[in-house]
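Residue-level listing of the chains:
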Amino acid sequence: RALGLELVESNALVRHAQGDARRMYNLLEWLAGSLVPENGVRRITDASVLAVLPHFAVYHDRDGDQHYRLISALIKSIRGSDPQAAVYYLARLVSGGEDPVFIERRLVILASEDIGLANPNALLIAQTCFEAIRVIGNPESRIILSQTVIYLASSPKSNSAYMAINQAQALVQETGDLSVPLHLRNAPSKLMKELGYGQAYNYSHDHPGNFYDQEFLPSEIAGTNFIHPGSSAKEQELARQIQVWWKDKYQF
């Protein structure tokens, strides 16, 4: 009654609520906004429920479980390299009224977490999408999101950058505040210079290939390898370059 509804038949309503009280209330709200009133009353019948269900099927509660289920399905579909499923879940989110900016934030994160070094352009594409949808707005932003989602889903995948920062942070937690090597420290004062700050540092650009073999990590963790390139062409190129510079210092 608070919604201006009169219940005449309930079979279809109960069946499609699926035993979920929140879904029932959402459906009632949808009916209140969709049914044409007769003499000031919107009457719920099985026929009226079935008439609005195709539209309600794409609706989801943006603050509820369905909101998180759909964005989870989208991200997992992209991570799993299935552009068909990814664009379907994008359509569900867009049709349900999801904020495009929320979707795009998740895509920017995914571009680094799940694609990363395997295709560095993925982050650029995702960031460009983020900027574009803010300028374009709805409903055309769906086209930009679709292009981005299909591109990300079709890209080679790697989580090596994600795993590298996780491993590095875990080591920081384990080893604490290790001293920065003296040759890497700035020496803005005379005392610091007398203590040897910066004295043994070699400016890389003064050497062939803009490279000089010197230690950058604290001595306690020298030689630690945080980066484990995957099998993608881009990551193997990165691995070869690291090996050219550092020979067998960092084992992959």
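Structure first, text after, so check above.
Our subject in this report is the structure included herewith.

Criteria and cut-off values
Residues numbered from 1 in each chain as written. Predicted model: local features only at pLDDT ≥ 70, side-chain atom pairs only at ≥ 80, totals over all residues. Heavy atoms only, no water. Helix = DSSP H or I, 4+ residues; strand = E, 2+ residues; numbered from the N terminus. Expected span 1.5 Å × (residues − 1). Buried < 20%, exposed > 50% of the residue type's maximum accessible area, 1.4 Å probe, protein only. Bend = angle between axes of the 7 residues up to and from the residue. Core = buried A, V, L, I, M, F, W, Y, C linked by side-chain atoms within 4.5 Å. Contact = heavy atoms within 4.5 Å. Phe/Tyr/Trp six-rings, centres within 6.5 Å; stacked < 30°, edge-to-face > 60°. Axes fitted to C-alpha atoms, helices over the stretch in contact; angles between N-to-C directions. Parallel < 35°, antiparallel > 145°, perpendicular 65-115°, else oblique. Left-handed = near helix turned anticlockwise from the far one by under 90°. Salt bridge = Lys/Arg side-chain N within 4 Å of Asp/Glu carboxyl O. Patch = residues over 30% accessible without salt bridge, like charges linked within 9 Å, V, L, I, M, F, W, Y side chains within 5 Å. Areas by Shrake-Rupley, 256 points an atom, 1.4 Å probe, with all protein chains shown as cover.

**So, helix α2 (residues 21–34)**
Taking 1.5 Å of rise per residue, 14 residues should cover 20 Å, and α2 covers 20 Å from first to last C-alpha, within 8% of that figure. Turning to α2, its buried residues number three or more, namely Asn26, Leu27, Leu28, Leu31 and Ala32.

**Observations regarding helix α6 (residues 100–115)**
Here α6 spans 21 Å end to end across 16 residues, near enough to the 22 Å set by a 1.5 Å rise per residue. Along α6, the largest kink reaches about 25° and is centred on Ile109. Count one or two residues on from α6 and you reach Gly116, which has phi positive near 45°.

**Details of the nonpolar core**
If you look at soluble globular proteins, the nonpolar side chains tend to sit buried side by side. If you look at the biggest cluster of nonpolar residues, it comprises 24 residues, and the most contacted ones within it are Leu74, Ile78, Ile103, Leu107, Leu145, Val149 and Leu152. Going through the elements one at a time, α4 (65–79), α5 (83–95), α6, α7 (121–136) and α8 (141–154) are the ones with two or more residues in this core. Per element, the largest residue contribution to this core is seven residues, and it comes from α6. Contact partners of Leu152, with chain neighbours within four places excluded, come to Ile78, Leu107, Leu110, Ala111, Ile115, Ala122 and Lys157.

**Section: the packing of aromatic side chains**
Going through the model one piece at a time under the given rule, you end up with five aromatic pairs. Aromatic side chains Phe211 and Trp246 sit 5.0 Å apart centroid to centroid with 85° between the ring planes, which places their arrangement in the edge-to-face category. In this pair, Phe211 sits in the loop between α10 (190–194) and α11 (233–246) while Trp246 sits in helix α11, placing the two residues 35 residues apart along the sequence. We classify Trp246 as buried; its relative accessible area is 14%. For the pair Trp246 and Tyr250, a centre-to-centre distance of 5.8 Å together with 75° between the ring planes defines the contact as edge-to-face. The class of Tyr250 is buried, set by a relative accessible area of 16%.

**A few points about the packing of α5 against α8**
Two elements in contact, α5 and α8, have axes whose closest approach is 9 Å; the angle formed by their N-to-C orientations is 150°. On the basis of their axis angle, the class for α5 and α8 is roughly antiparallel. Our pair here, α5 against α8, has a crossing hand that is right-handed. Contact residues: α5 offers Pro83, Ala86, Val87, Leu90 and Val94, while α8 offers Arg142, Leu145, Ser146, Val149, Ile150, Ala153 and Ser154.

**Focus: the environment of Thr45**
Topologically, Thr45 is positioned in the loop between β2 (42–44) and α3 (46–56). A sequence separation of 34 residues divides Thr45 from Asn11, and the C-alpha atoms of the two residues are 8.5 Å apart. Aside from chain neighbours lying at most four places away, what touches Thr45 is Val8 and Glu9.

**Focus: the side chain of Ser141**
Positionally, Ser141 belongs in helix α8. By relative accessible area, Ser141 is classed as buried at 1%. Discounting chain neighbours no more than four positions away, the residues touching Ser141 are Pro100, Ile133 and Ile136.

**Comments concerning the pattern of salt bridges**
Enumeration according to the criterion identifies two salt bridges in this entry. For Arg79, the salt bridge is made with Asp114, and the minimal N-O distance between the two is 2.8 Å. Of this pair, Arg79 sits in helix α4 while Asp114 is found in helix α6, placing the two residues 35 residues apart along the sequence. Residues Glu215 and Lys249 are paired through a salt bridge, measuring 2.6 Å at the closest nitrogen-oxygen approach. Of the two residues, Glu215 sits in the loop between α10 and α11 while Lys249 sits in the segment after α11, which places them 34 residues apart along the sequence. Given a relative accessible area of 24%, Glu215 falls into the partly exposed group.

**Comments concerning a nonpolar patch on the surface**
A surface patch of nonpolar side chains, amounting to about 220 Å² of accessible area, comprises Leu117, Ile227 and Phe252. With respect to the helices and strands, Ile227 occurs in the loop between α10 and α11. In this structure Ile227 comes out as partly exposed when scored by relative accessible area, which is 32%.

**Description of unusual backbone geometry**
For Ser81, which is not glycine, the phi dihedral falls at a positive 60°. Position of Ser81 among the secondary structure elements: in the loop between α4 and α5. Of the residues examined, Ser81 reaches a relative accessible area of 37% and is grouped as partly exposed. Although it is not a glycine, Asn210 adopts a positive phi angle of roughly 55°. Topologically, Asn210 is positioned in the loop between α10 and α11.

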